[in-house]
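Summary of the model geometry
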Amino acid sequence: PILITDPLPWWGQDSTNTQPNGFSSLCDLGSAGTGEVVYSYMPLSTGDYTVTLDFLDGFDSGALLAVLADCTDGDVCVQYDETNDVTQGQMQLTFSALSDTPYFIVVEGKDEDGSFDLTVSSTGGGGDGTCSSPIQVGALPYATSGDFYDQGYEFDDICGGGCCIGADMVYSFSPASTGEY
């Protein structure tokens, strides 16, 4: 597999034209018999990730985009999407991932090979807002909404301010580059 590395977003361009057909079945949908391009990604943070497939040429009969939990078994599917209409220009799927867990992204043409751009990005989320499971901040600018009703009081003294003012919501942020945020 082609290794996807942090920081995200990650972008690559490839083609199924010269790739072998490695899976007899993908996500219990069967296999189209065209070549597949396989990527591997191990997220640093628990959260939601989006995979975007932009069609460049080919794929006239459609395409399959899958996220697998096991590269040796195409039917151990985390999430998938398929299309018969590539005229819309792209397909996209979002999946929830656990940190330090390998995932495999597979691109396959239904009956015809093609060229494409692939982008993987973090959409944030995941976690429950505690120190042990913070919410991952996704691409910047980042905005979210919600409530604190069920949150606990993890910090007794924040920045020397004394006792708790209210419930705590904890976020995690891994910047792509050094700078002011």
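Below: a short report on this structure.

What counts and what doesn't
Residues numbered from 1 in each chain as written. Predicted model: local features only at pLDDT ≥ 70, side-chain atom pairs only at ≥ 80, totals over all residues. Heavy atoms only, no water. Phe/Tyr/Trp six-rings, centres within 6.5 Å; stacked < 30°, edge-to-face > 60°. Buried < 20%, exposed > 50% of the residue type's maximum accessible area, 1.4 Å probe, protein only. Helix = DSSP H or I, 4+ residues; strand = E, 2+ residues; numbered from the N terminus. Polar contact = N/O pair within 3.5 Å; in protein donor to acceptor, adjacent residues only side chain to side chain. Contact = heavy atoms within 4.5 Å. Pairing = 2+ DSSP bridges. Patch = residues over 30% accessible without salt bridge, like charges linked within 9 Å, V, L, I, M, F, W, Y side chains within 5 Å. Areas by Shrake-Rupley, 256 points an atom, 1.4 Å probe, with all protein chains shown as cover. Salt bridge = Lys/Arg side-chain N within 4 Å of Asp/Glu carboxyl O.

This paragraph deals with the packing of aromatic side chains. Per the stated rule, a full pass over the model turns up six aromatic pairs. Seen from their ring centres, Phe-55 and Phe-59 are 5.5 Å apart, and the 65° between their planes marks the pair as edge-to-face. Comparing Phe-55 with Phe-59, the two get one shared label, buried. Ring plane angle 55° and centroid distance 5.5 Å describe the contact between Phe-95 and Tyr-103, whose orientation is recorded as tilted. Across the pair, exposure class does not vary: Phe-95 and Tyr-103 are buried alike.

Right, let's get into the side chain of Asp-117. Position of Asp-117 relative to the elements: it lies in strand S9 (residues 114-124). One polar contact links Asp-117 to Gln-13, side chain to side chain, over a distance of 2.8 Å. If near-sequence neighbours (up to four positions away) are discounted, Asp-117 is found in contact with Trp-11, Gly-12, Gln-13, Thr-52, Leu-53, Asp-54 and Leu-56.

Looking now at the side chain of Ser-121. If you trace the backbone, Ser-121 turns up in strand S9. Residue Ser-121 is classed as buried on the basis of its relative accessible area of 19%. Residues within four places of Ser-121 in sequence aside, it is in contact with Leu-8, Pro-9, Asp-48, Tyr-49 and Thr-50.

Our focus in this paragraph is the sheet that holds strand S5 (residues 63-68). Strands sit in the order S1-S3-S8-S5-S6 across an open sheet of five strands; the sheet is mixed. Only two strands of the sheet have a single neighbouring strand rather than two, namely strand S1 (2-3) and strand S6 (77-83). Of the strand pairs in this sheet, S1 and strand S3 (residues 36-41) are connected by two bridges, and their pairing is parallel. Residue pairing for S3: Leu-3 is matched across the bridge by Ser-40.

Further remarks concern the environment of Tyr-39. With respect to the helices and strands, the residue Tyr-39 is situated in strand S3. For Tyr-39, a relative accessible area of 1% puts it in the buried group. Sequence separation between Tyr-39 and Tyr-103 is 64 residues; the distance between their C-alpha atoms is 8.3 Å.

Together, Leu-140, Phe-173 and Tyr-181 give the surface a local cluster of nonpolar side chains, amounting to about 330 Å² of exposed area. Looking at the secondary structure, you find Phe-173 in the segment after strand S11 (171-172).

Bringing unusual backbone geometry into the picture now. You will see that Asp-100, though not glycine, has its phi angle at about 55°, which is positive. Along the chain, the position of Asp-100 falls in the loop between strand S7 (90-97) and strand S8 (103-109).

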